[in-house]
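# Descriptive analysis of the structure
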Amino acid sequence: TENINAASGMPAEDDAAAEAAVKPVVAVVGRPNVGKSSLVNRIIGRREAVVEDVPGVTRDRVAYDASWQSCEFTLVDTGGWETSVSGLAAMVARQAEYAAQTADVILFVVDATVGITDADEAVTRVLRATKRPVVLAANKVDGELQEADALVLWNLGVGEPFPISALHGRGTGDLLDAVVAAFPETPAAEGAEEEGGPRRIALVGRPNVGKSSLLNRLAGEDRVVVDSVAGTTRDAVDELIELGGRTWKFIDTAGIRRRFRALQGADYYATVRTSSALERAEVAVVLMDVSEPLAEQDIRVVEQVVDSGRALVLAFNKWDTLDEERRYYLEKEIDRQLSRVAWAPRVNISALTGRHVEKLVPAIETGLASWDTRIPTGRLNSWLKDLVAATPPPVRGGKQPKILFATQADARPPHFVLFTTGFLEDNYRRFIERRLREDFGFEGSPVKLSMRIRE
Ligand code: GDP
């Protein structure tokens with residue numbers, strides 16, 4: 001399994017975590033008319049009219065969110081995959097190949113009332129060659145009388161046929177038990193971070209940009225309740241501050257406030273302090289000083305935030321000092337140096353006068369909402385299908401990589417995984433990220449995009 005992260009968004013170091021976050025993928029394969037769509041509808045509990053299972057007719061959606069006995073998985077209907085291969089058996093075999101490349105478990109559907117056809121045998125040949133577990137569904141066994149039909153399917157040599165009726169639901173529980181039992185072992189979920197409490201903000205920026213002043217303005221120096229830990233002055237101290245009618249937790253304000261700072265080494269709260277604050281935060285407000293040119297250190301802090309995967313708000317402080325000329329250069333500096341985070345909301349404030357400080361909270365809320373976003377798999381895939389139809393991935397080494405489907409593996413920040421048959425160029429992945437942002441927003445949040453290609 002190969003996992004590649006888009007160059008534009010996030011670091012590649014958490015590939016293992018990304019892989020773990022991808023829900024198991026179950027691909028439904030089989031020739032047309034065996035009832036794949038009905039089975040998909042049955043499993044996802046959809047009551048909509050069943051789409052005709054006719055060769056050449058592509059369904060508008062490919063992948064769905066599904067679950068069985070509290071196991072969540074992505075269900076893929078391979079009948080929705082277009083292939084240019086002519087001939088039914090070849091087309092179905094190709095779809096099975098794609099399924100084998102992308103799925104963790106293959107759900108092979110055969111029409112028990114018809115028996116084994118050439119196309120079923122073509123699928124079987126492909127599936128035998130893969131190492132993926134296969135669960136065989138003998139469909140259209142609507143009653144006990146047809147049970148005997150299912151037994152014939154042992155002859156396929158892919159294991160026990162599960163007699164089911166996708167239409168009536170008969171036998172699908174046992175079938176899904178077998179599917180879930182075939183899932184790969186997943187590592188135990190990590191302990192949830194402090195959920196449910198106040199949302200956590202890191203106020204970061206190089207020295208002297210005005211962090212301490214802003215914090216004082218937001219909290220009011222005298223009303224501050226510090227949660228101070230006895231002993232060393234290096235302990236992080238968080239503050240609860242009420243803003244815009246809700247309580248927020250500002251992380252490690254001891255590293256920010258002047259009266260604590262005097263007690264500590266000057267370098268200490270630079271990079272190290274920032275990264276430990278980011279680790280515990282959900283959103284970062286990066287404060288910059290507009291009275292001076294943007295410094296490399298400002299950009300480095302912004303990059304630290306993006307790399308940490310936290311939501312981001314850019315706050316330009318000391319706006320009271322700005323004159324026409326400086327303003328002109330500032331815009332140029334922002335265009336040139338912060339184009340990578342053009343998606344971050346910007347607020348122009350003055351901690352000194354209080355100008356526009358109230359705009360911080362809406363910007364933070366926007367960033368957090370984007371950071372939390374989850375796009376349902378069905379919706380994501382109908383969007384992706386249109387996108388890829390209009391602009392297919394470029395040919396690479398004489399081959400056209402196909403994007404078979406996508407899922408959102410994770411939120412906080414949103415992380416999308418594209419299941420492909422080949423490598424997608426950086427440019428194309430950036431194009432997809434750009435279009436994701438155009439169509440779904442994600443203002444104020446990094447977006448991660450990776451590919452999953454399997455041999
Ligand atoms: P920190 O190191 O980021 O915490 O920065 P401080 O809050 O200590 O501020 C550094 C200096 O900038 C102090 O002299 C502040 O008075 C000044 N300062 C902070 N905010 C503003 C502002 O909005 N306008 C102006 N003119 N000065 C500010």
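What this report covers is the structure whose coordinates are included nearby. (Residues numbered from 1 in each chain as written. Predicted model: local features only at pLDDT ≥ 70, side-chain atom pairs only at ≥ 80, totals over all residues.)

### Brief notes about the sheet that holds strand E8 (residues 199-204)
Quick reminder of the rule: DSSP calls a pair of strands paired once it identifies at least 2 bridges connecting them. Secondary structure elements are defined from DSSP: runs of H or I of at least 4 residues count as helices, runs of E of at least 2 residues count as strands, and each element is numbered from the N terminus. Simply put, an axis is a line fit to the C-alpha atoms, just over the touching stretch for a helix, and the angle between two N-to-C directions goes from 0 to 180 degrees. Residue pairs are scored as contacts if the distance between their C-beta atoms, which are placed from the backbone, is within 7 Å.
Taking strand neighbours across the sheet as the criterion, the six strands line up as E9-E10-E8-E11-E12-E13 in an open arrangement whose pairing is mixed. Single-partner strands in this sheet number two, and they are strand E9 (239-243) and strand E13 (346-348). Strand-to-strand twist across the sheet, computed as the mean angle between neighbouring axes with direction ignored, equals 30°. When strand E11 (residues 283-289) meets strand E12 (residues 311-317), the two strands line up parallel, connected through seven bridges. Residue Val285 lies in a different strand from E12, and its bridge partner there is Val313. Running at roughly 160° to E8, helix H9 (residues 271-280) makes contact with E8 and E11 of the sheet. Of the strands in this sheet, E8, E11 and E12 touch helix H10 (residues 296-308), which is tilted by about 175° from E11.

### Thoughts on the site of the ligand
The line we're drawing: The criterion for a residue being near a molecule or strand is a backbone-placed C-beta atom within 6 Å of that molecule or strand. Each residue receives one of three labels: charged for Asp, Glu, Lys and Arg, nonpolar for Ala, Val, Leu, Ile, Met, Phe, Trp, Tyr, Cys and Pro, and polar for the others, Gly being one of them.
Near the ligand lie 17 residues; those nearest to it are Gly210, Lys211, Ser212, Ser213 and Leu352. Of the residues forming the shell around the ligand, the biggest block, three residues, is contributed by helix H7 (residues 211-219). Here the shell around the ligand is built from residues that sort into five nonpolar, eight polar and four charged.

### With respect to the environment of Val85
With respect to the helices and strands, the residue Val85 is situated in the loop between strand E4 (71-77) and helix H3 (88-102). As for Val85 and Gln95, which are separated by ten residues in sequence, their C-alpha atoms are 9.9 Å apart. Each residue touching Val85, except ones within four places of it in the same chain, is listed here: Ala90, Met91 and Arg94.

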